Amino acid sequence: MVSQTIDLLKNEIPLDQEPVDLSEDVVTGLVLVDIINGFCTVGAGNLAPREPDRQISEMISESARLARHFCEKKWPVLAFIDSHQPEKLEDPYPLHCIEGTDESNLVPALSWLEKEPNVTIRRKDCYDGFLGSIQPDGSNAFVDWVKKNQIRTLLVVGICTDICVLDFVCSTISARNRGFLTPLVDVVIYSRACATFNVPLQVARNTKGALAHPQELMHHIGLYMAKERGAKIANQVSWVGAKEL
């Protein structure tokens, strides 16, 4: 019954995805959103999966593959890491990803990124990595990263599709449209390298304060809303070689 309902809703809001070819002549930056133990590793914390999850596993695998490619090419990579102070709750969610704990570390498949010279690590204490990049002096570390590297295309992956990924993409597109992110042109979300969590209706009904969160549907809705804001949704990513001079 649940799968039939999800299929019905997907038919009402169909999502057209496309293979995206990225040119090596154009600077592309890879943004990894919150691919950390606290959201991805079984049993790692209050918001971690309780059992192995196919969507999350594929997200990690595809993100690691992309990260390897970007690092081999020495292309710019930015990894957002959810990182909170214990006295600052992020309502409506329980305590999670406390700074200095293993919850707030990249998953093992990506931990090597911290030693790569082309990788920028940005710890944030809110859903939206764009807002989480605002510095005490009013500058924005993400905006500075885009401008310093002259990034024209952003490739975005991570978790959760409908929360932190969506919030970041919406803010980024709004800033681009206002002219704050020159020379950025395109924002691409690679759907196979994104994931969200699953809370069945029956579990939500028996958990105080919880909301039902069917994984496949919310993943679909997150991608749909990002496309509605102007992002490209890719089901495949490949590169076109640099032109000879």
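Quick summary incoming for the structure in this document. Note that this is a predicted model, so its numbers are computed, not measured.

The number of helices and strands found in the chain is seven helices and seven strands. Along its sequence from the N terminus, the chain presents helices and strands in the succession α-β-β-α-α-β-β-α-β-α-β-α-α-β. Taking 18 Å as the expected radius of gyration for a compact globule of 245 residues, we find that the chain reaches 18 Å, a close match to that expectation. Taken over the C-alpha atoms alone, the chain extends approximately 65 × 45 × 35 Å along its principal axes. Expressed as a percentage of the 245 residues in the chain, the buried residues total 47%. In the chain, of all internal contacts separated by at least 6 residues, the share reaching a separation of at least 24 is 75%. A total accessible area of about 12,500 Å² is found for the chain, and carbon and sulfur atoms account for 52% of it. Across the chain, 24 positive and 32 negative side-chain charges occur, with their mean positions spaced 3 Å apart.

A word on helix H5 (residues 161-177). For H5, the principal kink sits at Asp167 and spans about 25°. Summarising burial for H5: twelve of the 17 residues are buried, a large majority. Where H5 is concerned, the buried positions are Thr161, Asp162, Ile163, Cys164, Val165, Leu166, Phe168, Val169, Cys170, Thr172, Ile173 and Ala175. Looking one or two residues past H5, Gly179 carries a phi angle of roughly 85°, positive in sign.

Spatially, E1-E7-E6-E5-E2-E3-E4 is the arrangement adopted by the seven strands of the open sheet, whose pairing is parallel. Pairing within the sheet leaves two strands with one partner each, and these edge strands are strand E1 (18-23) and strand E4 (119-124). The mean angle between the axes of side-by-side strands here comes to 35°, regardless of whether they run parallel or antiparallel. Strands strand E2 (28-33), strand E3 (77-82), E4, strand E5 (153-159) and strand E6 (186-195) of the sheet are contacted by H5, whose axis makes an angle of about 160° with E5. Against the sheet, helix H7 (residues 215-229) makes contact with E6 and strand E7 (232-240), and its axis sits at roughly 175° relative to E6, the strand it touches most.

In this structure the tally under the stated criterion is eight aromatic pairs. Measuring from centroid to centroid gives 6.1 Å for Tyr93 and Tyr127, while their planes differ by 80°, and the two rings are edge-to-face. Within this pair, whereas Tyr93 is found in the loop between E3 and E4, its partner Tyr127 is found in the loop between E4 and helix H4 (141-148), the two being separated by 34 residues in sequence. Classification of Tyr127 as partly exposed rests on a relative accessible area of 25%. Look at Phe142 and Phe168: their rings are 5.1 Å apart centre to centre, the planes differ by 75°, and that puts the pair in the edge-to-face class. Of the two residues, Phe142 is situated in helix H4 and Phe168 in helix H5; the sequence distance between them amounts to 26 residues. With respect to class, Phe142 is no different from Phe168; both count as buried. One aromatic cluster is present, formed by Phe80, Phe130, Phe142, Trp145 and Phe168 through successive ring pairs. In this arrangement the basic side chain of Arg68 is found over the ring face of Trp112, its NZ or CZ atom lying 3.8 Å from the centre.

Mapped onto the fold, Ala231 is located in the loop between H7 and E7. For Ala231, a relative accessible area of 4% translates into the label buried. Discounting residues that sit within four places of it in the chain, Ala231 has contacts with Val169, Ile173, Val187, Ile189 and Ala226.

Scoring rules and cut-offs
Residues numbered from 1 in each chain as written. Predicted model: local features only at pLDDT ≥ 70, side-chain atom pairs only at ≥ 80, totals over all residues. Heavy atoms only, no water. Helix = DSSP H or I, 4+ residues; strand = E, 2+ residues; numbered from the N terminus. Rg over C-alpha atoms; globule rule 2.2 N^0.38 Å. Buried < 20%, exposed > 50% of the residue type's maximum accessible area, 1.4 Å probe, protein only. Contact = heavy atoms within 4.5 Å. Areas by Shrake-Rupley, 256 points an atom, 1.4 Å probe, with all protein chains shown as cover. Lys, Arg positive; Asp, Glu negative; His and termini not counted. Charge placed at Lys NZ, Arg CZ, Asp CG, Glu CD. Bend = angle between axes of the 7 residues up to and from the residue. Pairing = 2+ DSSP bridges. Axes fitted to C-alpha atoms, helices over the stretch in contact; angles between N-to-C directions. Phe/Tyr/Trp six-rings, centres within 6.5 Å; stacked < 30°, edge-to-face > 60°. Lys NZ or Arg CZ within 6 Å of the ring centre and 35° of its normal.

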